[in-house]
Amino acid sequence: MTMTAATKTTSERTASERTFGAVGAAVRFDGVEKRYGGGAVVAVDGVSLDIAAGEFLTLLGPSGSGKTTSLMMLAGFETPSAGEIYVDGEAIAAVPPYKRNIGMVFQSYALFPHMTVGENIAFPLKLRKRAKAEVARSTKDVLDLVGLPGYEGRYPRQLSGGQQQRVALARALVFDPRVLLMDEPLGALDKQLRERLQLEIKALHEQLGVTIVYVTHDQQEALVMSDRIAVMDAGKIEQIGTPNQLYEEPASRFVASFIGESNFLAGRLQEQVDGHAVVDVPGVGPLRASTGGQHAVGDEVVATVRPEKIVFADEAAETEFNAVEATVESVVFVGDAYRYEARLGGGQSIVLKRQHRAGVAQHVRGERVRVGWDVADGRLV
Amino acid sequence: MAVVGREAQARRFAGLERRGQVRLALLLLPAVAFLLFFYGYPVAAMLLRSVNDPAWGSQNFEPLVTARSTIDLVVAELPMNAYVRVFGITLQIALGVTAATLLLGYPVAYALASLPPTQANLLMILVLVPFWTSILVRSYAWMVLLGREGLINQFLVGVGFAGEPLQLLNTRGAVYVGMIHVLLPFMILPLYAVMRGIDRSLLRAAENLGARPSQVFRWVFLPLSLPGVAAGCLLVFILALGFYITPALLGGQRDVMVSMLIQQQVTQLNWGVASALALVLLVFALAIYVAFTRILGVQRLFGGARA
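Residues numbered from 1 in each chain as written. Chains lettered and ligands numbered in written order. Predicted model: local features only at pLDDT ≥ 70, side-chain atom pairs only at ≥ 80, totals over all residues. Heavy atoms only, no water.

**Side note on the overall build of chain A**
Then, in step 1: Of the regular secondary structure elements, chain A holds nine helices and 20 strands.
Then, in step 2: Considered along the principal axes of its C-alpha atoms, chain A spans approximately 75 × 50 × 40 Å.
Then, in step 3: Across the 381 residues in chain A, those meeting the buried criterion constitute 49%.
Then, in step 4: When contacts within chain A are restricted to residue pairs at least 6 apart in sequence, long-range pairs at least 24 apart make up 67% of them.
Then, in step 5: Accessible surface for chain A amounts to roughly 16500 Å². Of this, 50% is attributable to carbon and sulfur atoms.
Then, in step 6: Charged side chains of chain A number 41 positive and 48 negative; the gap between the two group centres comes to 8 Å. (Helix = DSSP H or I, 4+ residues; strand = E, 2+ residues; numbered from the N terminus. Buried < 20%, exposed > 50% of the residue type's maximum accessible area, 1.4 Å probe, protein only. Contact = heavy atoms within 4.5 Å. Areas by Shrake-Rupley, 256 points an atom, 1.4 Å probe, with all protein chains shown as cover. Lys, Arg positive; Asp, Glu negative; His and termini not counted. Charge placed at Lys NZ, Arg CZ, Asp CG, Glu CD.)

Written out as structure tokens, the structure is:
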């Protein structure tokens, strides 16, 4: 992993640029716990996690899920109550933050208001007693890297939010950290800028090869940027996987609802054949789905299916297909698609999304329709 | 037609805006009137008196007028010398008290600002209770403590540290102790306000970038707390310049501050000299205030840590 990343960097880099944080480190959480108030409050509950050198891993979860606390323990601002954290095999849970050589971009950017951009970026280098010429050169190079050449003399308050974010990134990279931590770094920016910076940070990661641990509650951001995502809830990791795995094969109802939108249909597991489950949904009848976890026949189960995987049945004639009768309850235009809500026979509702194409008739409220989805797109959780 | 309507509309809006401004000005009126009548007028009267009482260019300035050189002024046993000396003592005490309150107050403010707000508020009461107690009461309390038969002397003699009671009261040291005690909250409060406003993530960022705790303090916390230091020092220094009760009660005969001299002149009905002294003190305080604000800016001094 490191090898490929390094090779890539060399080929992409122009001659004058220096790499920053080029050698990423592997990070391992081993049964890490964090308790507060004499153990009454469990913020992080036995997290074990392997992050490969050079990987972009995102900790994704709602507030209070323990993602930020996990990041703070990696940065050294919190000490684990139990377990150990390793960076390149070295146990660091007891190492003070200033000796860890881990870069961090804070949610508020945390740029020093009394220092210029140049002084902010030079700060970690001066602490490392680098020669003056080297400090000046590195500062210039890293500002070029983040697209703010010549900004050394400005003060943070003179910059826009996006520019401050770039300076914070430059400052976190300039001292060649082994790992770069980012705590909701784009949360304060508007949507368009956020989306642009997501792609820029992702490109930068591919160029530099530094290990990045990224914290966000924005699932879209996590899907766009990450090599892998660890979904956290209530202090535990619910599921780890590539964005695609998490989206297509959510392991739990929480993951299915947190990442993207999902329909949940409650029913009873009737039988399991050829890796397919047949679920009896009251008022609808038997539906087929692929199985996610371990279930026994007769169990109460929930089948999920993504809104954009559901089509009106007249548009598709697959063999491996669930088709059900429904009544359209609402139609909402959401820009790139129409969002329908339809009620099934048993009273449960499903949501489906369909892109609007010329020549396709709109369904209207109250209309009886047949909707369906590929058996492989339904999953038991 | 439409254009005329538009202009009328614009005039109406401008009128509304003006009326709003007038209303705001009315809010200021009572305070301004009060200050002009009870403060502006007396100060102006004092200003006049300082130069023309008992008569324009009278003996107040005689030494200055008759002296042929600076040496004359220094060697001559003129009242002018005494005044200069008193101003010297006053400045010295004010500076000493400012420095001491800063040294004592900074760590206290730092600790308070580092604690969670609930605990900090509780401890803040310890700072504020003396603040709410009359200066007179506190000065008398120090007289009781420092006197020949006072608690401190009884203790020192009791444990055999001193053979006989020490002269603690009516010394420069007693003046310092009393004034530092009274003025300490005026240092702690602005320091605390500024320190509370310092974003904690800045300290974390510094540590993350490789700064040891001492370096975090030196390069991040200290510079960001300087507006508080300036505000506290300014407040304490200017208050100390005009101190009267505490030095009068605790000081010795040689520890005369300007305000005591003014009182002396007033009891001797030397209104002209008293006014002149008061004016010089006022100019002193204003000059220091202007110098501070010029260097730091009022906004930074009283507007919190964030520029």
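**Quick look at the overall build of chain B**
Then, in step 1: A tally of regular secondary structure across chain B gives 14 helices and zero strands.
Then, in step 2: When the helices and strands of chain B are read in sequence order from the N terminus, they spell out α-α-α-α-α-α-α-α-α-α-α-α-α-α.
Then, in step 3: Evaluated residue by residue, chain B yields a buried proportion of 36% over its 307 residues.
Then, in step 4: If you take every contact in chain B between residues at least 6 apart in sequence, the share linking residues at least 24 apart comes to 73%.

**Let's talk about the pattern of salt bridges**
All names here are of chain A.
Then, in step 1: Under the defined criterion, the tally for this structure stands at 17 salt bridges over all chains.
Then, in step 2: The residue Arg 166 makes a salt bridge to Glu 200 at a minimum N-O spacing of 3.0 Å. With Arg 166 in helix α5 (residues 161-173) and Glu 200 in helix α6 (residues 191-208), the pair connects residues that are 34 residues apart, well separated along the chain.
Then, in step 3: A residue is classified by how much of its surface remains accessible, and Glu 200, at 32% relative accessible area, is partly exposed.
Then, in step 4: The shortest N-O distance in the salt bridge between Glu 325 and Arg 370 comes to 3.3 Å. Highlighted residues: Glu 325 in strand β16 (residues 321-333) and Arg 370 in strand β19 (residues 368-374), separated in sequence by 45 residues.
Then, in step 5: The exposure class of Glu 325 is partly exposed, given its relative accessible area of 38%.
Then, in step 6: Given a relative accessible area of 42%, Arg 370 falls into the partly exposed group.
Then, in step 7: Several salt bridges converge on common partners, so that one network encompasses Arg 166, Arg 196 and Glu 200. (Salt bridge = Lys/Arg side-chain N within 4 Å of Asp/Glu carboxyl O.)

**Description of the sheet that holds β16 of chain A**
Residues and elements named next belong to chain A.
Then, in step 1: On the basis of which strands lie adjacent, the open sheet formed by five strands has the order β15-β19-β16-β17-β18 and antiparallel pairing. This sheet does not close on itself; its edge strands, each paired only once, are β15 (311-312) and β18 (349-354).
Then, in step 2: As paired strands, β16 and β19 are joined by seven bridges and run antiparallel to one another. Looking at β19, one finds that Ala 323 is bridged to Gly 372. (Pairing = 2+ DSSP bridges.)

**Some remarks on helix α3 (residues 117-127) of chain A**
Every α-helical turn comprises 3.6 residues, leaving residues that sit three or four positions apart pointing alike.
All names here are of chain A.
Then, in step 1: For α3, the buried fraction is high: nine of the 11 residues fall into the buried class.
Then, in step 2: If you check which residues of α3 are buried, you get Val 117, Gly 118, Asn 120, Ile 121, Ala 122, Phe 123, Pro 124, Leu 125 and Leu 127.
Then, in step 3: In the stretch just after α3, Lys 129 is the one whose phi turns positive, near 55°.

**Here's the deal with the side chain of Asn 322 of chain A**
Residues and elements named next belong to chain A.
Then, in step 1: Within the secondary structure, Asn 322 sits in strand β16.
Then, in step 2: At a separation of 2.6 Å, a polar atom in the side chain of Asn 322 contacts the main-chain carbonyl oxygen of Arg 288.
Then, in step 3: For Asn 322, the contacting residues outside a window of four places in its chain are Leu 287, Arg 288, Val 371, Gly 372, Trp 373 and Val 375. (Polar contact = N/O pair within 3.5 Å; in protein donor to acceptor, adjacent residues only side chain to side chain.)

**Side note on a nonpolar patch on the surface**
Then, in step 1: Taken together, the side chains of Phe 34, Leu 35, Phe 37, Phe 38 and Tyr 39 of chain B define a hydrophobic patch exposed on the protein surface, amounting to about 610 Å² of accessible area.
Then, in step 2: Mapped onto the elements, Leu 35 of chain B comes out in helix α1 (residues 2-52). (Patch = residues over 30% accessible without salt bridge, like charges linked within 9 Å, V, L, I, M, F, W, Y side chains within 5 Å.)

**A few points about the interface of chain A and chain B**
Then, in step 1: Taken together, the contact between chain A and chain B spans 23 residues of the former and 19 residues of the latter.
Then, in step 2: Counting the surface lost from both chain A and chain B, the interface buries some 1800 Å², and carbon and sulfur atoms represent 68% of this.
Then, in step 3: Interface area lost by chain A to chain B is led by Phe 77, Tyr 98 and Leu 127 of chain A, which between them contribute 31%.
Then, in step 4: Linking chain A with chain B are zero salt bridges.
Then, in step 5: Residue assignment for the side of chain A that touches chain B shows that the elements contributing at least two residues are β6 (102-105) and α3 of chain A.
Then, in step 6: Across the side of chain A that touches chain B, the residue classes break down as 16 nonpolar, three polar and four charged. (Buried area = accessible area lost by both parts, 1.4 Å probe. Nonpolar A, V, L, I, M, F, W, Y, C, P; charged D, E, K, R; others polar.)

**Let's talk about the packing of aromatic side chains**
We describe a pair of aromatic rings using the distance from one ring centre to the other and the angle between the two ring planes.
Residues and elements named next belong to chain B.
Then, in step 1: Here the structure, examined in full by the defined rule, presents 14 aromatic pairs over all chains.
Then, in step 2: Summarising the aromatic geometry, the rings of Phe 87 and Phe 284 are spaced 5.8 Å apart at their centres and angled 20° between planes, so their arrangement reads as stacked. Of this pair, Phe 87 sits in helix α4 (residues 79-114) while Phe 284 sits in helix α13 (residues 271-296); the two residues are 197 residues apart in sequence, bridging distant segments of the chain.
Then, in step 3: Overall, the relative accessible area of 14% leaves Phe 87 in the buried class.
Then, in step 4: The interplanar angle of 70° and the centroid separation of 6.1 Å between the aromatic rings of Tyr 110 and Phe 217 together place this pair among those described as edge-to-face. Linking Tyr 110 in helix α4 with Phe 217 in helix α10 (residues 213-241), this pair joins segments that are 107 residues apart in sequence. (Phe/Tyr/Trp six-rings, centres within 6.5 Å; stacked < 30°, edge-to-face > 60°.)

**Structural notes on the confidence of the model for chain B**
All names here are of chain B.
Then, in step 1: Overall, the prediction assigns chain B a mean pLDDT of 85, with 86% of residues at 70 or greater.
Then, in step 2: Low pLDDT, under 50, characterises residues 303-307; the predicted model gives this stretch 10 contacts beyond four residues in sequence or across chains.
Then, in step 3: Both confidence scores are given for the complex: pTM 0.81, ipTM 0.82. (pLDDT = per-residue confidence, 0-100.)

**What about the side chain of Arg 306 of chain A?**
All names here are of chain A.
Then, in step 1: Structurally, the position occupied by Arg 306 is in the loop between β14 (300-305) and β15.
Then, in step 2: We note that Arg 306 is buried and unpaired, the nearest opposite charge coming from Glu 308 at a distance of 5.3 Å.
Then, in step 3: From its side chain, Arg 306 meets the backbone oxygen of Ile 259 in a polar contact 2.5 Å long.
Then, in step 4: At a separation of 3.2 Å, a polar atom in the side chain of Arg 306 contacts the side chain of Ser 262.
Then, in step 5: Beyond its immediate stretch of four places on either side in the chain, Arg 306 contacts Leu 246, Tyr 247, Pro 250, Ala 256, Ile 259, Gly 260, Glu 261, Ser 262 and Asn 263.

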